[in-house]
Amino acid sequence: QVQLVESGGGLVQAGGSLNVTCAASGRTFSNSAMGWFRQPLGKEREFVATINWSGAIKYYADSVKGRFTISRDNARNMVSLQMNNLKPEDTALYYCAARVRPAIATTDYDYDDWGRGTQVTVSS
């Protein structure tokens, strides 16, 4: 099992940037693919970005492609999501998730461990 703790959320104006991070502990982090998901208030959770065990392979939802960048630091057991040119529709609770497997995945049922989330609010 992996324990995940997100941080870095907050309130930002449209067009601004935020960097949310996820600190992992427990199971060997470097063997795990990681993902970011988000859940707007009253809506279902949706995929945002995923990165494989080495960081060489990344995949993004169309809605964030070109604006968000996922990265990882296996030496520090951390994964980050740099969010630029934020829009009001990016407002959501952002979750970090870890897979037992090293390959990327875009559906939440492919992930084994979840953090509690960090709130990102973008004002217009």
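From a predicted model like this one, the values you see are computed outputs, not experimental measurements.

(A) Spatial organisation of the packing of aromatic side chains. Within this structure, the stated rule accounts for 6 aromatic pairs. Taking the centre distance of 5.3 Å and the plane angle of 80° together, the rings of Phe37 and Tyr111 count as edge-to-face. Note that Phe37 is positioned in strand S4 (residues 34–39) and Tyr111 in the loop between strand S9 (92–98) and strand S10 (113–114), a separation of 74 residues in sequence. Overall, the relative accessible area of 2% leaves Phe37 in the buried class. On the basis of relative accessibility, which here comes to 5%, the residue Tyr111 falls in the buried class. Arranged with centres 6.4 Å apart and planes meeting at 80°, the rings of Tyr95 and Trp114 form a pair that is edge-to-face. Here Tyr95 is found in strand S9, whereas its partner Trp114 is found in strand S10, with 19 residues between them in sequence. On the basis of relative accessibility, which here comes to 13%, the residue Tyr95 falls in the buried class. A relative accessible area of 25% places Trp114 in the partly exposed class.

What counts and what doesn't
Residues numbered from 1 in each chain as written. Predicted model: local features only at pLDDT ≥ 70, side-chain atom pairs only at ≥ 80, totals over all residues. Heavy atoms only, no water. Phe/Tyr/Trp six-rings, centres within 6.5 Å; stacked < 30°, edge-to-face > 60°. Helix = DSSP H or I, 4+ residues; strand = E, 2+ residues; numbered from the N terminus. Buried < 20%, exposed > 50% of the residue type's maximum accessible area, 1.4 Å probe, protein only.

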